[in-house]
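Observations on chain architecture
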Amino acid sequence: MNSRYQQAVFAFSANREAQFPPDSRVEIAFAGRSNAGKSSALNTLTNQKTLARVSRTPGRTQLINYFALPDAGCFLVDLPGYGYAEVPEQVRAHWQALLGRYLLQREVLRGVVLLMDIRHPMKELDIRMLECCAERQLPAHVLLTKADKLSRSMAEKQLRALRSELVNWHAPFSVQLFSSLKRLGLAELVAQLDAWMEVAHAE
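So, a few notes on the structure that sits alongside this text.

Criteria and cut-off values
Residues numbered from 1 in each chain as written. Predicted model: local features only at pLDDT ≥ 70, side-chain atom pairs only at ≥ 80, totals over all residues. Heavy atoms only, no water. Helix = DSSP H or I, 4+ residues; strand = E, 2+ residues; numbered from the N terminus. Buried < 20%, exposed > 50% of the residue type's maximum accessible area, 1.4 Å probe, protein only. Phe/Tyr/Trp six-rings, centres within 6.5 Å; stacked < 30°, edge-to-face > 60°. Core = buried A, V, L, I, M, F, W, Y, C linked by side-chain atoms within 4.5 Å. Polar contact = N/O pair within 3.5 Å; in protein donor to acceptor, adjacent residues only side chain to side chain. Contact = heavy atoms within 4.5 Å.

A look at the overall build of the protein
Tallying secondary structure elements over the protein gives six helices and seven strands in all. Tracing the protein from N to C terminus, the helices and strands come up as α-β-β-α-β-β-α-β-α-β-α-β-α. With respect to the principal axes defined by its C-alpha atoms, the protein has extents near 45 × 40 × 35 Å. When each of the 203 residues of the protein is scored for burial, the buried share is 49%.

Examining the packing of aromatic side chains
Under the defined criterion, the tally for this structure stands at seven aromatic pairs. Look at F10 and F67: their rings are 5.9 Å apart centre to centre, the planes differ by 70°, and that puts the pair in the edge-to-face class. Taken together, the residues span a long stretch of sequence, with F10 in strand β1 (residues 9–14) and F67 in strand β3 (residues 64–69) at a distance of 57 residues. Relative accessible area serves as the criterion here: at 46%, F10 is assigned to the partly exposed category.

Examining the nonpolar core
Ranked by internal contacts, the top residues of the largest apolar core, which has 41 residues, are I64, Y102 and L144. In this structure, L115, F178, L186 and V190 belong to the second largest nonpolar core, which totals 27 residues.

Digging into the environment of L186
With respect to the helices and strands, the residue L186 is situated in helix α6 (residues 186–202). A sequence separation of 173 residues divides L186 from S13, and the C-alpha atoms of the two residues are 26 Å apart.

Considerations on the side chain of R106
When you line up the elements, R106 lands in the loop between α3 (89–105) and β5 (109–117). R106 gets classed as buried once you look at its relative accessible area, which sits at 10%. A polar contact of 2.7 Å, which involves the side chain of R106, links it to the side chain of E27. If we ignore the near neighbours within four places in the chain, the residues touching R106 are F20, P21, P22, D23, E27, Y66, R101 and R136.

See below:
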């Protein structure tokens, strides 16, 4: 089902724009608050337990990590978790500025997978991320992670509420339920990534 993603390999890390690769491959970024389950989702997608390190300390990912998909001509880009990372203000400001420029100006970026803990969606920084995407009409696909933490009916209620909210943005946004633990929503995520890649390669 997702064999192309199982071939993902770590390529390199970057902490400034000069270290970004040439605009030769499509990029799909994964973003989310610290502890939203981003590393777990990447590991589930690629069926690799340690591709993206899972940390119990929020904010440990302080680099932009590029993972290559050899057969797809694409990079999966793991952006630093944002939120309550215990880092100096100067470092925090650097990352916020860098991420803003990446989202607004990176031409080969074709979509953002935005992860939100289903119990705490649409926090201020999530909204800022969506604002950046909406400004350039960049597709964003929200994963409501840790869906197994709620009853099915409550999870569906959260999904419907956020779907209704995203319609008001008038941007190419979508949302689904996801659980790395239960592998819930994996096929839907793969279908969305495949669609982005097909559109990009058709251009």
